[in-house]
Amino acid sequence: VQIWRSSAKELDRASRDMPEHGYHGGAVVSAYCIDKPQSMNAMKVCDSDEEAGVRDNASVGTPSTASHVSPVSPPLSSHPSFSSFSCDLLHDSDPALLWELPDLKRSTDLSLTAGAFGKPLDGAGHGEDSYFISIPALGVADGVGGLEKVLGHSSKDFADDLMIGCQRAAQLQPCRGADPCEKAECILREGYKQVTKHGAATAVVAYFDSKQNQLGVASLGDSGVIVMRRPTVQNLGGAQSSSCSGRSSIVFRSPSQQHDFNLPYQLSRLPEELQRKSLRSPDQPSDSLTFDVEVEEGDLILMYSDGVVDNLHEQDLLDFCDRAMSPYAAHVLGLPPDAATAPELIAKSIVLAAYVRSVDQQASTPFAQDARKAGRPPAECIGGKEDDITCIASWVSYEKLEGSK
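Right, let's walk through the structure included here.

The rules behind the values
Residues numbered from 1 in each chain as written. Predicted model: local features only at pLDDT ≥ 70, side-chain atom pairs only at ≥ 80, totals over all residues. Heavy atoms only, no water. Helix = DSSP H or I, 4+ residues; strand = E, 2+ residues; numbered from the N terminus. Buried < 20%, exposed > 50% of the residue type's maximum accessible area, 1.4 Å probe, protein only. Contact = heavy atoms within 4.5 Å. Areas by Shrake-Rupley, 256 points an atom, 1.4 Å probe, with all protein chains shown as cover. Phe/Tyr/Trp six-rings, centres within 6.5 Å; stacked < 30°, edge-to-face > 60°. Lys NZ or Arg CZ within 6 Å of the ring centre and 35° of its normal. Patch = residues over 30% accessible without salt bridge, like charges linked within 9 Å, V, L, I, M, F, W, Y side chains within 5 Å. Salt bridge = Lys/Arg side-chain N within 4 Å of Asp/Glu carboxyl O. Lys, Arg positive; Asp, Glu negative; His and termini not counted. Charge placed at Lys NZ, Arg CZ, Asp CG, Glu CD. Pairing = 2+ DSSP bridges. Axes fitted to C-alpha atoms, helices over the stretch in contact; angles between N-to-C directions. Parallel < 35°, antiparallel > 145°, perpendicular 65-115°, else oblique. Left-handed = near helix turned anticlockwise from the far one by under 90°. Nonpolar A, V, L, I, M, F, W, Y, C, P; charged D, E, K, R; others polar.

A count of helices and strands for the chain gives ten helices and 18 strands. Within the chain, the fraction of its 405 residues that count as buried is 56%. When contacts within the chain are restricted to residue pairs at least 6 apart in sequence, long-range pairs at least 24 apart make up 81% of them. Accessible surface computed for the chain: about 16400 Å², of which carbon and sulfur atoms make up 48%.

As enumerated under the stated definition, the model contains two aromatic pairs in all. With 5.3 Å between their ring centres and 35 degrees between their planes, Phe261 and Phe367 make a pair best called tilted. Residue Phe261 is found in the loop between β12 (258-260) and β13 (263-264), and its partner Phe367 is found in helix α10 (residues 366-373); the two are separated by 106 residues along the sequence. Overall, the relative accessible area of 3% leaves Phe367 in the buried class. Looking at Lys105, its charged tip hangs above the ring of Tyr328, at a distance of 5.9 Å from the centre. Positioned above the aromatic ring of Tyr398 is the side chain of Arg106, whose terminal nitrogen or guanidinium carbon lies 3.9 Å from the ring centre.

On the surface, a cluster of negative charge is made up of Asp179, Glu182, Asp292 and Glu294. Counting through the fold element by element, Glu182 comes out in helix α4 (residues 180-193). The exposure class of Glu182 is partly exposed, given its relative accessible area of 43%.

Turning to the pattern of salt bridges, a few remarks are in order. All chains considered together, the criterion is met by 13 salt bridges. With a closest N to O distance of 3.2 Å, Asp316 and Arg357 form a salt bridge. Taken together, the residues span a long stretch of sequence, with Asp316 in helix α7 (residues 314-322) and Arg357 in helix α9 (residues 343-358) at a distance of 41 residues. For Arg357, a relative accessible area of 0% translates into the label buried. Through salt bridges with shared partners, one network takes in Lys105, Arg229, Glu296 and Asp299.

The next subject is the pairing of strand β18 (residues 389-398). Burial runs high along β18: nine of the ten residues are buried. Relative to β18, strand β16 (residues 300-304) runs antiparallel, the two being bridged by five bridges. Note that in β18 the partner of Tyr304 across the bridge is Cys391.

Next up on the list: α10. Turning to α10, its buried residues are Pro366, Phe367, Ala368 and Ala371. A positive phi of about 80 degrees marks Gly375, the residue just after α10.

If you want to describe how two helices pack, look at the angle between their axes and the distance between the axes. Two elements in contact, helix α3 (residues 156-172) and α4, have axes separated by 7 Å at closest approach and are oriented at 125 degrees. Accordingly, the angle class assigned to the pair α3 and α4 is oblique. Two packed elements cross with a definite hand, and for α3 against α4 that hand is right-handed. Here α3 contributes Phe158, Leu162, Gly165, Cys166, Ala169 and Ala170 to the contact with α4, which in turn contributes Ile187, Leu188, Glu190, Gly191 and Tyr192. The class makeup of the residues in the contact of α3 with α4 is eight nonpolar, two polar and one charged.

Nothing here speaks to function; it is geometry throughout.
Shown next, in the form of structure tokens:
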């Protein structure tokens, strides 16, 4: 497998500048520490607020004069070795990643092993994304940048308030007996009630029910969840143990909710004078889309702000999944537990890739494609979208509890 090295030095510098957040069963609200000069000559997607919400103020195709990562051409997804793009973090050419795995998955004593990584928009200080990890619950909030010019401050405090509230609600478990997706929506609703700061944010919350092996999802706006799975075979032996395609597949992806192009559904808390000017009722947690997703041991769950999926295609994300070894794969291949790829490294690889794509003015990105479909000017229909980028990666893994049989 060839290793793409065209921007390895730049990636290394960028990764050293960004803090790494890896947690297993703990809880955290993000605190980013990058503070780079604002990109010059930013091409704004929209200059005016909408009547019932605020567009994201991140830019498309923006030249980043002070970026630590130079724009790359051609687009990453067209490069034959994009899958080894973050080879320093994930596996490079380990043949074990190409073997088909036997179907020996366990259906009891499953839990989530999660880690997160985030990078704020260049020049945006701590950015406006936030997240929490409090197993069995996870959440991501993406503060709406377009409100800053009317509020006089960013939506970072609002997003942090929301995630802290959701974390508390998850720990209190206020919705006992409900379906997993109802618990996820309940966590979002109870967290929203505790917000005291002004601002707005999209949000997604997930809750893992280990009894039903279901992931409950409540998603509002364009933050979302993807569940990926590596294929298995009934037996591992003979010819089946030889190297072959181990292509992962996406078994679930939450849809985006948009009032209009780049105008996602969003929770908000605004001063009374701004509320009176709104011509549309504010979005509520009850407006979120909810899902109960069947998950299995070895599945990889990604939760993210839109900075990930606006810049990376599904195939890009699958490539990263293929470069990672799950705890299940390590188990059935007879490898030690620490052979599994740490989820925070997966999250970091994805965020770094999304960042490099975001500053590439020539890249073909999902956001640029959506802009073209929405009839935006041609100049806005090519290149990456610079934004805060946050990702939580989580393995569905076997975790034998002490005292269980």
